[in-house]
Amino acid sequence: MIKWLRHSTSGMVVVTLIRLYLGIEWTLDGFEKLTKGFDASGFIGGAIKAPVMNAAGKPAYPLYTSFFEELCAPAHRHLQRRRSVW
């Protein structure tokens, strides 16, 4: 199957069409997030309140959790205040 995708013209066309379609979809979705707004407060709050734990019961990724606490949450609150002023 992989050999067919790499070496046949029809396989290359199929893969190219799939890649073009996915690229257009992802670009349009990203543009929509920029223009219509994107609210990640649920994700940020959930990552802070319930971090991933390892087998010993300690946070598995403490740097990731502190990144959300110190950088993402304050920035998100700041953006929410600015959005309410507009």
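Residues numbered from 1 in each chain as written. Predicted model: local features only at pLDDT ≥ 70, side-chain atom pairs only at ≥ 80, totals over all residues. Heavy atoms only, no water.

Novice: Sorry if this is basic, but what is going on with the overall build of the protein here?
Specialist: Across its full length, the protein holds four helices and zero strands. Each helix (α) and strand (β) of the protein, taken in turn from the N terminus, gives the series α-α-α-α. Counting over 86 residues, the protein shows a buried share of 13%. Looking at the protein alone, contacts between residues at least 24 apart form 34% of all its contacts between residues at least 6 apart. (Helix = DSSP H or I, 4+ residues; strand = E, 2+ residues; numbered from the N terminus. Buried < 20%, exposed > 50% of the residue type's maximum accessible area, 1.4 Å probe, protein only. Contact = heavy atoms within 4.5 Å.)

Novice: What exactly am I supposed to notice about the nonpolar core here?
Specialist: Residues Ala40, Ile44, Ala47, Phe68, Cys72 and Ala73 constitute the largest nonpolar core, which totals six residues. No other element matches the three residues that helix 4 (residues 62-85) contributes to this core. Those residues within four positions of Cys72 in sequence are excluded, and the remaining contacts are Ile44 and Phe67. (Core = buried A, V, L, I, M, F, W, Y, C linked by side-chain atoms within 4.5 Å.)

Novice: Is there a simple way to think about the environment of Val15 in this case?
Specialist: You can see Val15 is positioned in helix 2 (residues 9-36). Val15 gets classed as partly exposed once you look at its relative accessible area, which sits at 30%. Sequence-wise, Val15 and Leu5 are ten residues apart; in three dimensions their C-alpha atoms are separated by 7.3 Å.

Novice: Where do I start with the packing of aromatic side chains in this structure?
Specialist: Aromatic rings considered in pairs are described by the distance between their centres and by the relative angle of their planes. Tallied over the entire structure, the rule returns three aromatic pairs. Ring centres of Phe43 and Phe68 lie 5.5 Å apart, and the angle between their planes is 75 degrees; this geometry places the pair in the edge-to-face category. Of this pair, Phe43 sits in helix 3 (residues 41-49) while Phe68 sits in helix 4; the two residues are 25 residues apart in sequence, bridging distant segments of the chain. Taken together, a centroid distance of 4.8 Å and an interplanar angle of 90 degrees make the contact between Tyr64 and Phe68 edge-to-face. Of this pair, Tyr64 and Phe68 both sit in helix 4, four residues apart, which is roughly one turn of the helix. Accessibility expressed as a relative area gives 5% for Phe68, which makes it buried. (Phe/Tyr/Trp six-rings, centres within 6.5 Å; stacked < 30°, edge-to-face > 60°.)

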